[in-house]
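As a plain string of letters, each chain reads:
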Amino acid sequence: VYKICRVVRDSHGGKTTHENALKVVSIDAETCDKEHKYAPGSPELEKLLRGHLSKAEREIDILRKLVGEANIAYFEDSRIIPRNDTREKSWDVLIIMERLVPLRNYLRTCGVEPGTLHYLRLIIHIWEDMLAALRVCEKNRLIHRDIKPGNVFYNPSTDCFKLGDFGEVSIG
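Nothing here was measured: the structure is a model prediction, and the numbers come from that model. (Residues numbered from 1 in each chain as written. Predicted model: local features only at pLDDT ≥ 70, side-chain atom pairs only at ≥ 80, totals over all residues. Heavy atoms only, no water.)

Draft legend 1. Expanded view of the packing of aromatic side chains. Going through the model one piece at a time under the given rule, you end up with three aromatic pairs. Their ring planes at 35 degrees and their centres at 4.1 Å tell us that Y106 and Y154 sit as a pair that is tilted. Residue Y106 is found in helix α3 (residues 103-109), and its partner Y154 is found in strand β7 (residues 152-155); the two are separated by 48 residues along the sequence. The burial state of Y106 is the same as that of Y154; both residues are buried. Seen from their ring centres, Y154 and F161 are 4.8 Å apart, and the 45 degrees between their planes marks the pair as tilted. Taken together, Y106, Y154 and F161 form an aromatic cluster joined through their ring pairs. (Phe/Tyr/Trp six-rings, centres within 6.5 Å; stacked < 30°, edge-to-face > 60°. Helix = DSSP H or I, 4+ residues; strand = E, 2+ residues; numbered from the N terminus. Buried < 20%, exposed > 50% of the residue type's maximum accessible area, 1.4 Å probe, protein only.)

Draft legend 2. A look at the sheet that holds strand β8 (residues 160-163). Sheet architecture is open: three strands sit in the order β5-β7-β8, paired in antiparallel fashion. Every interior strand has two partners, whereas the edge strands, β5 (101-102) and β8, have only one. Pairing of β7 with β8, which is carried by four bridges, proceeds in the antiparallel orientation. Each bridged residue has a counterpart across the sheet, and for F153 the counterpart in β8 is K162. Where helix α4 (residues 117-139) meets the sheet, its contacts fall on β7 and β8, and the angle it forms with β8 comes to roughly 40 degrees. (Pairing = 2+ DSSP bridges. Contact = heavy atoms within 4.5 Å. Axes fitted to C-alpha atoms, helices over the stretch in contact; angles between N-to-C directions.)

Draft legend 3. Spatial organisation of the pattern of salt bridges. One pass over the structure, following the stated rule, counts 13 salt bridges. In this structure, R83 engages D85 in a salt bridge whose closest nitrogen and oxygen atoms are separated by 3.0 Å. Of the charged contacts in the structure, one is a salt bridge between R145 and E168, with a shortest N-O distance of 3.9 Å. Of this pair, R145 sits in the loop between β6 (142-143) and β7 while E168 sits in the loop between β8 and β9 (170-171), and the two are 23 residues apart along the sequence. Of the residues examined, R145 reaches a relative accessible area of 56% and is grouped as exposed. Salt bridges here are not isolated pairs; linked through shared partners, they connect D28, R83, D85 and D92. (Salt bridge = Lys/Arg side-chain N within 4 Å of Asp/Glu carboxyl O.)

Draft legend 4. Region of interest: a nonpolar patch on the surface. A cluster of nonpolar side chains, L117, L120 and I124, forms an exposed patch at the surface whose accessible area comes to about 280 Å². Here L117 shows up in helix α4. (Patch = residues over 30% accessible without salt bridge, like charges linked within 9 Å, V, L, I, M, F, W, Y side chains within 5 Å. Areas by Shrake-Rupley, 256 points an atom, 1.4 Å probe, with all protein chains shown as cover.)

Draft legend 5. Representation of the pairing of β7 in the model. Burial of the side chains of β7 extends over both faces: V152 and Y154 are buried on one face and F153 and N155 on the other. In this sheet, β7 lies alongside β5 in antiparallel orientation, the contact comprising two bridges. Residue pairing in the sheet places V101 in a bridge with Y154 of β7. Between β7 and β8, which pair antiparallel and follow one another directly, the connecting turn spans four residues, one of which, D159, has a positive phi of 55 degrees.

So this is what it looks like as structure tokens:
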């Protein structure tokens, strides 16, 4: 789940408004155990939940490692907050990232007609940026494993397409 938050920062005497996307991942039995239906408090459920937590921690570590790469969604900060509202251990994982436009939204609103030369140039631009993102992954020995239109984003201020969602990454 992504939410948009506005942050007002004081920068050398002036205030600026900065928008971020907040990715919220709940790690609890309700969201993580839809397949097995383990008993509350069981060792199997705890192992499953800890596995999801480890996966979230790994995604955060990977995003930290990739900060500053032009074609990777920019990671700003994160928090893992233990929850006390469930019987078993559970957490909310908050990941603050730059606000980007999902590829589908961009393509709907950019005004480029499919089949035109301008459209072809746009598709080449997207592929070049995704190739650059994959080179970054390769350089860092990462296999993204979830490349799809839903994980491609556009930054209008830099005219750059970026790869996001590193939750399924494997390290090779």
